[in-house]
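Working through the structure, step by step
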Amino acid sequence: MKTIAILGSTGSIGTQTLEVVRANGDIRVAALSAGKNIVLLEKQIREFRPRLACVWEEADAKTLRTRVRDLPVKIVSGMDGLNEVAVCEEAEILVTAIVGMIGIVPTIEAIKAGKDIALANKETLVTAGHLIMPLAAQHGVKILPVDSEHSAIFQCLNGENGQKPYKILLTASGGPFRGYSREDLKKVRVEDALKHPNWTMGRKITIDSASMVNKGLEVMEARWLFDVPLEQIQVVVQPQSIIHSMVQYADGAVIAQLGTPDMKLPIQYALYYPERRYLAGERLDFAKIGSITFENPDMDVFSGLKYAFEAARTGGSMPTVFNAANERAVSKFLHGQIGFADIYEIIRYCMDHQRAIPSPDVAQILETEKYVYEMIEGRW
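So, here's what we can say about the structure. Just so you know, these numbers come straight off a predicted model, no measurement behind them. (Residues numbered from 1 in each chain as written. Predicted model: local features only at pLDDT ≥ 70, side-chain atom pairs only at ≥ 80, totals over all residues. Heavy atoms only, no water.)

**Section: the pairing of strand β8 (residues 167-172)**
With respect to burial, β8 is a largely interior element, five of its six residues being buried. Where β8 and strand β10 (residues 243-248) come together, three bridges link them in antiparallel fashion. Following the sheet pairing, Lys 167 is matched in β10 by Gln 248. With five bridges joining them, β8 and strand β9 (residues 233-237) adopt parallel strand pairing. In the strand pairing of β9, Leu 170 is matched with Val 235. (Buried < 20%, exposed > 50% of the residue type's maximum accessible area, 1.4 Å probe, protein only. Helix = DSSP H or I, 4+ residues; strand = E, 2+ residues; numbered from the N terminus. Pairing = 2+ DSSP bridges.)

Now the structure itself:
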């Protein structure tokens, strides 16, 4: 019986994690956290019976306490509450499915408490990889990737006796706007951007996938997760989303991980690693697939990917600038305040008007995020 805690249990990854728990029956949920969705969180509490649950606002926590007063669960709130979930004594694994840089501090606290991390929070490594990976090594903690591409790379590296990859081939579907021109992107509506051709994900990550900014964030993550130079990471568009990523070795051999686009596979693999469990769902039928195709990404049209490589090369706090600018721009796009192509303009502006801080600590990372938000609000 494994015991886990989940940051972000009501989001896309969080709910799918609980589907995996439900299907297997030998994982206990010790703690849950959510942002504002207390209706769903209450249902999760009643089904999975955690001893601890957190919501962001104390007012929501107060409401939730009333709703679950018949259950032996402690309700907490805010950053202190997230940290309490992260270090929950019974949990062996913390699933970080929370969105945003809010996930950095709880992840650090969990590592210090000796918890393995099933990592789905991109911002943790994008902005603080230089802090997280050495800390995990210091405490003997495993960072188990939940993202489908990074899980694929992780799986391709297994069984190679610690051989370093010669190149990481990070695949991308190309999103719903593959083949569009820059002019086409100016006409994109929110409802268009939320129609991913292959994957079902949360709203923010779906927009990031459409803009290919998500792939840029994954490049930054891969650099830290697998300790490879940026020059040895290549993005390849694979529109069918069958190959989830590949690793090329020094002898020229390429090992790929293939599967249907189902996030429950990398979630379950992280929770049970190194064991492979049966997972219900569709299987690949290669006779029906017929062909798998590849393309280079168009970094002139999808310039967010190009900016991500630039931010990663600059290093320091520049990945934080990139991430914060994109996060606020996507929010504005989803609220109809800017156009889709303006996401790239905002990222470029923020990167041009912010000097990178070398090796920033957590306080500097969070201060950079705040400064970028203020810069955007003052101009857009």
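Now that the structure has been shown, the text picks up again.
**Section: the pattern of salt bridges**
All told, the structure shown has 28 salt bridges when counted by the stated rule. Close ionic contact of Lys 122 with Glu 221 constitutes a salt bridge, the shortest N to O distance being 3.4 Å. Taken together, the residues Lys 122 in helix α6 (residues 122-139) and Glu 221 in helix α11 (residues 213-225) connect sequence positions 99 residues apart. Across the pair, exposure class does not vary: Lys 122 and Glu 221 are buried alike. Here Glu 295 ties to Arg 178 by a salt bridge, and the two come within 2.4 Å at their closest N and O atoms. Placement of the pair is Glu 295 in the loop between α13 (286-289) and α14 (303-314) and Arg 178 in the loop between β8 and α8 (182-185), with a sequence separation of 117 residues. (Salt bridge = Lys/Arg side-chain N within 4 Å of Asp/Glu carboxyl O.)

**Considerations on the sheet that holds strand β11 (residues 254-258)**
What the four strands build is an open sheet, ordered β9-β8-β10-β11; its pairing is mixed. The open sheet is flanked by β9 and β11, the only strands paired with a single partner. Direction aside, neighbouring strands of the sheet carry axes that sit 20 degrees apart on average. (Axes fitted to C-alpha atoms, helices over the stretch in contact; angles between N-to-C directions.)

**Section: unusual backbone geometry**
Looking along the chain, the bond that leaves Tyr 273 and enters Pro 274 is cis, with omega of 5 degrees. Secondary-structure assignment places Pro 274 in the loop between α12 (264-272) and α13. Unlike most non-glycine residues, Arg 49 shows phi in positive territory, near 50 degrees. Here Arg 49 shows up in the loop between α2 (38-48) and β3 (52-55). At Asn 161, a position not held by glycine, the phi torsion is positive, near 55 degrees. In this structure, Asn 161 sits in the loop between α7 (148-157) and β8.

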